[in-house]
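# Residue-level structural notes
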Amino acid sequence: MSRKNHGRNAANISPQVLSVSDRTSKQAGEKSHTVSMTGNQSLFFSSSEAAREFSSVLHEVQEYISSKYATLITDGGTEEVKAQVKRYITKYIQDYRIAVSGMTQMQLVDALYTEMAEFSFLTKYIFGVGIEEIDINAWNDIEVQYSNGSAVKLDEHFESPEHGINVVRRMLHVSGMVLDNASPAILGHLSKNIRIAVLKTPLVDEDVGVAASIRIVNPQSMQKDDFIRGGTATADMLDFLSECLRYGVSMCVAGATSSGKTTLAGWLLTTIPDNKRIFTIENGSRELALVRKKEGKVCNSVIHTLTRDSENEKQCIDQEILLDMALRFNPEYICVGEMRGPEAYAAQESARTGHTVLTTIHSNSCEATWRRMVTLCKRKYDMADNTLMDLVTEAFPIVVFAKQLENKQRRLMEIMECEILPDGSRNYRSLFQFQITENRMEDGKFIVNGRHRAVQGISNSLQKRFLENGMPEETLKRILKIGGADR
């Protein structure tokens, strides 16, 4: 039998259609075959046959095993199916005495399995520790962003533009998405905390093949000291923000992608007392992990929710719908993972009607954040800008602006209060700022230095609000004391 026919016939045998007895006898036979070859592995690889290139072996074995690894991906990669696929691969390379230079039989089987059933060399980065993002600029240009702010260009890359597209297709298959010429731009997820955005030809050049951004969001148990040690913020700034949230002042954390907005919001929510009820709303993937346990028992009150997309518009569950649901769960705190549409109107309504709302938004400064909220609110109701500005500044008196600097370090650049004066006008009070004192390049690296400082104290109206919401006078005095003092 030729290799091609062998592969085609074997590929038609799906592990799901084998009877129990047939599967058992087949696996036993394959197992004994594999065991018998293990002792002769060195003899097997010392044959006079020339070692082949891995890419050509992959292409050949991929044709043979195609139906099996497709089943594996669909089944979620159970250990039983994984072992079965590896047995098929092992038998094939033994039957045809296939060898690759520098690889033992076990290494070759593992490498082939990883390529076909997992995500090629990206697997170890996707499921690695301390990695935030994988940027695929082209099939041969891949960069990894680490949580410490460093970025590394990988020596590893795909074998070709087509190889890159095929690996990314397998990733999207996990979330039921299809990447093809009819749908060359895809937003998907690999799991509840891994998001992927993809572009393929013809949206990118043929010699590029595929471009993708894989965002790995690992809910981190960040502590206050972690932010201080990393220079993200001072203790005074973090204390002020946690006291705002604790005593019912809604706030918005603004910034660009990867500026650390969600990380800060996640930490702030951990400062809320256990007996306070929290309802979180996130878009598509989970970035918050707030449930706490003591001695195996949940000790706080948290409901985590996610939006759901659907081709059927009636089956879509967006953030606006979940916000409406949240109000029926009697929460004391509502976290909207990111305001990006008409849910901004519902969020500000919630913040003005007795709930404490924490949210994030894409914006490029504190002042611009309120204007951005107005723009989003208008997607719900076409109201006058001044009216909407009155609403959003009343709802969110505090805005925090976070930024990732050129050296990849994250900083809280500013904390601002919008004070509404008796005549209805607004006074923007910069409470804390990060001032850059040095920004230069040295040996191809950015050197950025600066310092945080307190600029102004909080307004009388915010002081009154704190006291009305139960803040002790001693706590208020401590907040007032740090206002305006240089750090």
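Bear in mind that the values here come from a model prediction, so they are computed numbers and not experimental data. (Residues numbered from 1 in each chain as written. Predicted model: local features only at pLDDT ≥ 70, side-chain atom pairs only at ≥ 80, totals over all residues. Heavy atoms only, no water.)

## What about the overall build of the chain?
Per the secondary structure count, the chain includes 17 helices and 17 strands. For the chain, the proportion of its 487 residues judged to be buried stands at 46%. Only carbon and sulfur atoms are counted for the fraction: they give 49% of the accessible area of the chain, which is about 23,900 Å². (Helix = DSSP H or I, 4+ residues; strand = E, 2+ residues; numbered from the N terminus. Buried < 20%, exposed > 50% of the residue type's maximum accessible area, 1.4 Å probe, protein only. Areas by Shrake-Rupley, 256 points an atom, 1.4 Å probe, with all protein chains shown as cover.)

## Observations regarding the sheet that holds strand S16 (residues 426-442)
Each strand in a sheet pairs with another by means of backbone hydrogen bonds, the pair being arranged parallel or else antiparallel. Within the open sheet, the nine strands sit side by side as S11-S8-S12-S13-S7-S14-S15-S16-S17. Their pairing is mixed. A single partner strand is all that each edge strand has here, and the edge strands are strand S11 (301-306) and strand S17 (445-454). Each strand of the sheet is rotated relative to its neighbour by a mean of 20°, with strand direction disregarded. In this structure, strand S8 (residues 277-282) lies alongside S11, joined through six bridges in parallel fashion. From the neighbouring strand, Ile278 faces S11, where its bridge partner is Val302. (Pairing = 2+ DSSP bridges. Axes fitted to C-alpha atoms, helices over the stretch in contact; angles between N-to-C directions.)

## Examining the packing of aromatic side chains
Applying the stated criterion to the full structure yields seven aromatic pairs. Between Tyr345 and Tyr381, the ring centres sit 4.8 Å apart and the planes meet at 75°, which makes this aromatic pair edge-to-face. Linking Tyr345 in helix H13 (residues 343-351) with Tyr381 in the loop between helix H14 (366-377) and helix H15 (385-395), this pair joins segments that are 36 residues apart in sequence. Taking relative accessible area as the criterion, Tyr381 reaches 40% and is therefore assigned partly exposed. Here Lys86 stacks its cationic end above the ring of Tyr113, 5.3 Å away from the centre of that ring. Over the face of the ring belonging to Tyr247 we find Arg246, whose NZ or CZ atom lies 4.7 Å from the ring centre. (Phe/Tyr/Trp six-rings, centres within 6.5 Å; stacked < 30°, edge-to-face > 60°. Lys NZ or Arg CZ within 6 Å of the ring centre and 35° of its normal.)

## A short note on the state of the cysteines
Counted according to the given criterion, the structure contains zero disulfides. No disulfide involves Cys252; its sulfur sits 9.3 Å from the nearest other cysteine sulfur, which is in Cys366. (Disulfide = S-S within 2.5 Å.)

## Points about the pattern of salt bridges
One pass over the structure, following the stated rule, counts 23 salt bridges. Among the salt bridges present, the one from Arg340 reaches Glu338, with a minimum N-O distance of 3.3 Å. Under the relative-accessibility criterion, Arg340 is labelled partly exposed at 36%. For Glu338, a relative accessible area of 16% puts it in the buried group. (Salt bridge = Lys/Arg side-chain N within 4 Å of Asp/Glu carboxyl O.)

## Let's talk about helix H12 (residues 319-326)
Those residues of H12 not exposed but buried are Gln319, Glu320, Leu322, Leu323 and Ala326. Angular distribution of buried residues about the axis of H12 spans 160°; they occupy a single face of the element. Lining the buried residues of H12 we find S8, S11, strand S12 (333-339) and H13. For H12, the N-terminal capping position is held by Asp318, with its side-chain oxygen 3.2 Å away from the main-chain nitrogen of Glu320. (Arc of directions from axis to C-beta. Contact = heavy atoms within 4.5 Å. Polar contact = N/O pair within 3.5 Å; in protein donor to acceptor, adjacent residues only side chain to side chain.)

## Quick notes on the packing of helix H10 (residues 235-246) against helix H11 (residues 261-270)
Look at H10 against H11: their axes get within 9 Å of each other, and the N-to-C directions meet at 60°. Here H11 runs oblique to H10, going by the angle between their axes. Crossing handedness for the pair H10 and H11: right-handed. Taking contact as the criterion, the partners of Leu238, Leu241, Ser242 and Leu245 in H10 are, on H11, Leu264, Trp267, Leu268 and Leu269. Residue composition of the contact of H10 with H11, by class: seven nonpolar, one polar and no charged. (Parallel < 35°, antiparallel > 145°, perpendicular 65-115°, else oblique. Left-handed = near helix turned anticlockwise from the far one by under 90°. Nonpolar A, V, L, I, M, F, W, Y, C, P; charged D, E, K, R; others polar.)

## Concerning the environment of Ser242
Inspection of the secondary structure puts Ser242 in helix H10. C-alpha separation for the pair Ser242 and Thr271, spaced 29 residues apart in sequence, amounts to 6.5 Å.

## What to know about the environment of Glu332
Along the polypeptide, Glu332 turns up in the loop between H12 and S12. Residue classification places Glu332 among the partly exposed positions, given a relative accessible area of 34%. Counting along the chain gives 22 residues from Glu332 to Gly354, while the straight-line C-alpha distance between them is 8.2 Å. If sequence neighbours within four positions are ignored, Glu332 has contacts with Asn275, Lys276, Arg277, His355 and Thr356.

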